Amino acid sequence: MPKIAKDNSYQTVITTFEMTPGTAQDLMDALKDAYAAFISKQPGFIAAGLHINDAQTRIANYSQWERREDFLAMLRTEEMRERNRKINELCKTFEPVMYDVVECFD
């Protein structure tokens, strides 16, 4: 489970996907498989969460990594490059963006 805290040293990556309701479940299945079979086993991976909106037109993915280099190394693997080509076919756009946690409120 992701742990959001401003005093951690993790690299946070939020990726948003835009798709049609007709491809939403296929895309979610592809993302769940990518995490279960590959991403979660990569060096530096900490945790992730997948979220979908009610209209099934957007998916948000929140992931945490020990270092930004760990996330980038995972993206550069042949397996992830192949998975991303298939993911790209299921959505209109997707964009991973790296963030730093600035503040948390309980």
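Remember, it's a predicted structure, so these values are computed and weren't measured experimentally.

Undergrad: Looking at this model, I keep getting lost on the overall build of the protein. Mind explaining?
TA: On a plain count of helices and strands, the protein comes out with 3 helices and 4 strands. Traced from its N-terminal end to its C-terminal end, the protein shows the element sequence β-α-β-β-α-α-β. Here the C-alpha radius of gyration of the protein, 14 Å, is about what a compact globule of 106 residues would show, namely 13 Å. Judged by the C-alpha coordinates and their principal axes, the protein covers about 40 × 35 × 20 Å. Relative to its 106 residues, the protein shows a buried fraction of 31%. Contacts in the protein between residues far apart in sequence, at least 24 positions, make up 73% of those at least 6 positions apart. With an accessible surface of roughly 6600 Å², the protein has 52% of that area assigned to carbon and sulfur atoms. Of the charged side chains in the protein, 13 are positive and 17 negative; the average position of the first set lies 3 Å away from that of the second.

Undergrad: Would you explain the pattern of salt bridges in this entry?
TA: Oppositely charged side chains can form a pair if their charged atoms are brought close together. Within this structure, the stated rule accounts for 10 salt bridges. The partner of glutamate 18 in a salt bridge is arginine 58, with the nearest N and O atoms 3.6 Å apart. Placement of glutamate 18 in strand β1 (residues 11-18) and of arginine 58 in strand β3 (residues 58-65) is noted, with a sequence separation of 40 residues between them. With a relative accessible area of 28%, glutamate 18 lands in the partly exposed category. A salt bridge links lysine 86 to glutamate 82, with the shortest nitrogen-to-oxygen separation between them at 4.0 Å. Placement of both lysine 86 and glutamate 82 in helix α3 (residues 78-90) is noted, with a separation of 4 residues, approximately one turn of the helix. Overall, the relative accessible area of 34% leaves glutamate 82 in the partly exposed class. What emerges from the salt-bridge pattern is a single network uniting Glu78, Arg81, Glu82, Arg85 and Lys86.

Undergrad: Teacher, can you tell me more about the environment of glutamate 95 here?
TA: If you trace the backbone, glutamate 95 turns up in strand β4 (residues 93-99). When the C-alpha atoms of glutamate 95 and alanine 60 are compared, they prove to be 9.9 Å apart, with 35 residues separating the residues in sequence. Not counting residues up to four positions away in its chain, the partners in contact with glutamate 95 are Ile14, Thr15 and Thr16.

Undergrad: What am I meant to see in the packing of helix α2 (residues 68-76) against α3 here?
TA: How two helices sit against one another is set out by the angle between their axes and by the gap between those axes. Relative to each other, α2 and α3 sit at 70 degrees, their axes nearing to 5 Å. Judged by the angle between their axes, α2 and α3 are roughly perpendicular. Taking contact as the criterion, the partners of Met74, Leu75 and Arg76 in α2 are, on α3, Glu78, Met80, Arg81 and Asn84. Across the contact of α2 with α3, the residue classes tally to 3 nonpolar, 1 polar and 3 charged.

Undergrad: I tried to follow the side chain of glutamine 64 on my own but got confused; where do I start?
TA: Along the chain, glutamine 64 falls in strand β3. By relative accessible area, glutamine 64 is classed as buried at 0%. Setting aside chain neighbours within four positions, we find glutamine 64 in contact with Pro2, Lys3, Ile4, Asn8, Tyr10, Gln11, Thr12, Gly44, Phe45, Ile46 and Ala47.

Procedures and definitions
- Residues numbered from 1 in each chain as written.
- Predicted model: local features only at pLDDT ≥ 70, side-chain atom pairs only at ≥ 80, totals over all residues.
- Heavy atoms only, no water.
- Helix = DSSP H or I, 4+ residues; strand = E, 2+ residues; numbered from the N terminus.
- Rg over C-alpha atoms; globule rule 2.2 N^0.38 Å.
- Buried < 20%, exposed > 50% of the residue type's maximum accessible area, 1.4 Å probe, protein only.
- Contact = heavy atoms within 4.5 Å.
- Areas by Shrake-Rupley, 256 points an atom, 1.4 Å probe, with all protein chains shown as cover.
- Lys, Arg positive; Asp, Glu negative; His and termini not counted.
- Charge placed at Lys NZ, Arg CZ, Asp CG, Glu CD.
- Salt bridge = Lys/Arg side-chain N within 4 Å of Asp/Glu carboxyl O.
- Axes fitted to C-alpha atoms, helices over the stretch in contact; angles between N-to-C directions.
- Parallel < 35°, antiparallel > 145°, perpendicular 65-115°, else oblique.
- Nonpolar A, V, L, I, M, F, W, Y, C, P; charged D, E, K, R; others polar.

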